[in-house]
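Spelled out from the first residue to the last, the chains are:
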Amino acid sequence: PGTAAAPPKGDGAGPPPAPQRVLFPPTFSVSEFENKQRRHFMFVRWKQQQRKEKLAARKKRKKEREALGDKAPPKAVPKTIENQRVYDETTVDPNDEEVAFDEATDEFAPYFNRQTVPKILITTSDRPRGRTVRFCEQLSTVIPNSHVYYRRGLALKRIIPQCIARDFTDLIVINEDRKIPNGLVLSHLPDGPTAHFRMSSVRLRKEIKRKGKEPTEHVPEVILNNFTTRLGHSVGRMFASLFPHDPQFIGRQVATFHNQRDYIFFRFHRYIFKSEKKVGIQELGPRFTLKLRSLQKGTFDSKFGEYEWIHKRREMDMNRRKFHL
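Residues numbered from 1 in each chain as written. Predicted model: local features only at pLDDT ≥ 70, side-chain atom pairs only at ≥ 80, totals over all residues. Heavy atoms only, no water.

Asker: Mind showing me how you'd approach the overall build of the protein here?
Answerer: Across its full length, the protein holds 7 helices and 11 strands. The C-alpha atoms of the protein give 28 Å as radius of gyration, which overshoots the globular expectation for 325 residues (20 Å, by more than 25%). Principal-axis analysis of the C-alpha atoms gives the protein an extent of 105 × 55 × 45 Å. Among the 325 residues that make up the protein, the fraction classed as buried is 36%. Residue pairs at least 24 apart in sequence account for 64% of intrachain contacts in the protein once pairs closer than 6 positions are excluded. As displayed, the protein has an accessible area near 22000 Å², and 52% of this comes from carbon and sulfur atoms. Within the protein, one finds 62 positive and 38 negative side-chain charges whose respective centroids are separated by 11 Å. (Helix = DSSP H or I, 4+ residues; strand = E, 2+ residues; numbered from the N terminus. Rg over C-alpha atoms; globule rule 2.2 N^0.38 Å. Buried < 20%, exposed > 50% of the residue type's maximum accessible area, 1.4 Å probe, protein only. Contact = heavy atoms within 4.5 Å. Areas by Shrake-Rupley, 256 points an atom, 1.4 Å probe, with all protein chains shown as cover. Lys, Arg positive; Asp, Glu negative; His and termini not counted. Charge placed at Lys NZ, Arg CZ, Asp CG, Glu CD.)

Asker: What is the right way to read the pattern of salt bridges from this model?
Answerer: Close approach of charged atoms allows side chains with opposite charge to pair. Applying the stated rule across the entire model yields 11 salt bridges. With a shortest N-O distance of 2.6 Å, R230 and D102 are connected by a salt bridge. Placement of R230 in helix α6 (residues 230-240) and of D102 in helix α2 (residues 97-105) is noted, with a sequence separation of 128 residues between them. Given the relative accessible area of 32%, R230 is considered partly exposed. (Salt bridge = Lys/Arg side-chain N within 4 Å of Asp/Glu carboxyl O.)

Asker: Before we go on, may I ask you to explain the UniProt feature "domain: Brix" (unreviewed entry) in the protein in this structure?
Answerer: As recorded in UniProt, the sites labelled "domain: Brix" (unreviewed entry) are residues 118-301. Its end C-alpha atoms 22 Å apart, residues 118-301 is made of 18% helix and 41% strand. (UniProt positions renumbered as here; feature names shortened; annotations may be inferred.)

Asker: How should I be thinking about the domain arrangement of the protein in this particular structure?
Answerer: Frequently, the measure chosen for interface size is the accessible area removed from exposure when the parts meet. By the assigned domains, the protein splits into domain 1 (36-67) and domain 2 (91-317). For domain 1 versus domain 2, the distance between C-alpha centres works out to 43 Å. (Domains from an automatic or database assignment.)

Asker: Would you mind going over the environment of L224 with me for this structure?
Answerer: Inspection of the secondary structure puts L224 in strand β6 (residues 221-225). The class for L224 is partly exposed, based on a relative accessible area of 34%. For the pair L224 and R237, spaced 13 residues apart in the sequence, the C-alpha separation amounts to 9.1 Å. Residues in contact with L224, not counting those within four places in the same chain, are G236, F239, A240 and F257.

Asker: Looking at this structure, how should I read a positive patch on the surface?
Answerer: Together, K47, R51, K54, R58 and R61 make up a positively charged patch on the protein surface. Within the secondary structure, R51 is located in helix α1 (residues 36-68). Taking the relative accessible area as the measure of exposure, R51 reaches 52% and is therefore exposed. (Patch = residues over 30% accessible without salt bridge, like charges linked within 9 Å, V, L, I, M, F, W, Y side chains within 5 Å.)

Dropping the structure here:
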């Protein structure tokens, strides 16, 4: 008694009051809530508030820069894992004479001196499934002068001498697990080296949205990005030696190996000139991601091979800003 009743909602007296903004204390912790659903709900609300505050601060900085005009201070460079990378003492200097001498005398020198023409054999693990077979067939359309051979219980140690006798310069082996391609072995013939990669994120052509038409038989251009260390140079030279020297620019096809945080992303594109200043690209596929596991001297030898580099996860992955390629 003695108190006025609140007006009913939606009676035309005015819009309903806006919900109050939840302000979390600076020491807010989601773990304080024992109920799982409540904990998840509060975490989502907290993330939403963080995003709103970040957007409001960005808009405020933009208005301040517009008001100052030419007197505005330079934009701060955001901190990323790439620009905070720990310096590697094996980073290659393009003018280093020792690096130039090593590259002039290594196993890939005959290719870069145009003494050999790439000829690649692509094979699989025993009894490959349909997805792996289709991936090998599409990979052979990307790499010129490559041939697909389906293994039937034949060991790699017996395949390698036959490849050398038939003048193959490289051997690619696609491994699979549970019907999905998960590994790639690249062996440079006849003297090595041999690299073992973990393969992930494989996408065939039909699984790529807005893809271009089937690739042509023109020799593609090759782009190698961010292979900066001695190990990265060796891996980059292995990929480069798979493709002939003189690309056919009329085909407008590009094979890209992009290294980022020691993950090697492969993309195959066709570029189209829309005007004098604009260029469009179409992905042709396939696409996949590689992670180097080991680099072995000589050809493939799982028992007695000598390894130049092995990825040791517990030792090498302790620092997220330490990269090896």
